[in-house]
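Each chain, letter by letter, is given below.
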Amino acid sequence: MEHLTIGELSARSGVAPSALRFYEREGLIHASRTSGNQRRYDRAELRRVAFIKIAQQVGVSLDEIREALASLPENRTPTKADWSRLSARWRHRLQERIGVLERLRDQLTGCIGCGCLSLQRCKLVNPSDRLAVSGAGPRMILNPPTE
């Protein structure tokens, strides 16, 4: 099997060498060592790094990623079927996040329920800051009222 140096893995994955060393210390990826104590990664580690990077991008914590990778037989690289099984537990959270991003995209230029009342539109959408009773922050984005 072809092995990669940390520099090659970094260049190919787009992840800094310091992050790769951190992932290794955390047991998320694995390296063998040469007689000169240099790291060598199996090419398959690229998929594990990609899995970690994508999971982090969608808000999955390192603890959850570690747990997911540890659930794989013999610490092997996730297959398409594994990703489907592992991501199923994150599907609801991802759907919620997509909803927040869509509301942000659609409403950021209008009233977001922050209570500033500085936009003319807010006087119509959030008169007298009525959204404040549902909590602090941008209520129209985080927790829009159901009507």
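It should be noted that the structure appears before, not after, this text.
Attention here is on the structure that accompanies the text.

A count of helical and extended segments in the chain gives 8 helices and 3 strands. Taken from the N to the C terminus, the helices and strands of the chain come in the order β-α-α-β-β-α-α-α-α-α-α. Taking 2.2 N^0.38 as the reference for a compact globule, 147 residues should give roughly 15 Å; the C-alpha atoms of the chain span a radius of gyration of 22 Å, well beyond that estimate. With the C-alpha coordinates aligned to their principal axes, the bounding extent of the chain is approximately 70 × 30 × 20 Å. Scored against the burial criterion, the 147 residues of the chain give a buried share of 29%. Considering only residue pairs separated by 6 or more positions, the chain has 52% of its internal contacts joining residues 24 or more positions apart. Total accessible area on the chain stands at roughly 9300 Å², and carbon and sulfur atoms take up 53% of it. Here the chain holds 24 positive side-chain charges and 16 negative ones, and the gap between their average locations is 3 Å.

Turning to the side chain of Glu-45, a few remarks are in order. Within the secondary structure layout, Glu-45 lies in helix α3 (residues 45–57). On the basis of relative accessible area, Glu-45 is assigned to the buried category, the value being 8%. Other than its neighbours up to four places away in sequence, Glu-45 contacts Leu-9, Ile-29 and His-30.

Relative to each other, α3 and helix α4 (residues 62–70) sit at 140°, their axes nearing to 10 Å. For the crossing formed where α3 meets α4, the hand is right-handed. Judged by residue contacts, Arg-48, Phe-51, Ile-52, Ala-55 and Gln-56 of α3 engage Leu-62, Ile-65, Ala-68 and Leu-69 from α4. Grouping the constituent residues of the contact of α3 with α4 by class yields 7 nonpolar, 1 polar and 1 charged.

As for its placement among the helices and strands, Gln-120 is situated in helix α7 (residues 120–125). Judged by relative accessible area, which is 62%, Gln-120 ranks as exposed. Placed 68 residues apart in sequence, Gln-120 and Ile-52 show a C-alpha to C-alpha distance of 44 Å.

Analysis parameters
Residues numbered from 1 in each chain as written. Predicted model: local features only at pLDDT ≥ 70, side-chain atom pairs only at ≥ 80, totals over all residues. Heavy atoms only, no water. Helix = DSSP H or I, 4+ residues; strand = E, 2+ residues; numbered from the N terminus. Rg over C-alpha atoms; globule rule 2.2 N^0.38 Å. Buried < 20%, exposed > 50% of the residue type's maximum accessible area, 1.4 Å probe, protein only. Contact = heavy atoms within 4.5 Å. Areas by Shrake-Rupley, 256 points an atom, 1.4 Å probe, with all protein chains shown as cover. Lys, Arg positive; Asp, Glu negative; His and termini not counted. Charge placed at Lys NZ, Arg CZ, Asp CG, Glu CD. Axes fitted to C-alpha atoms, helices over the stretch in contact; angles between N-to-C directions. Left-handed = near helix turned anticlockwise from the far one by under 90°. Nonpolar A, V, L, I, M, F, W, Y, C, P; charged D, E, K, R; others polar.

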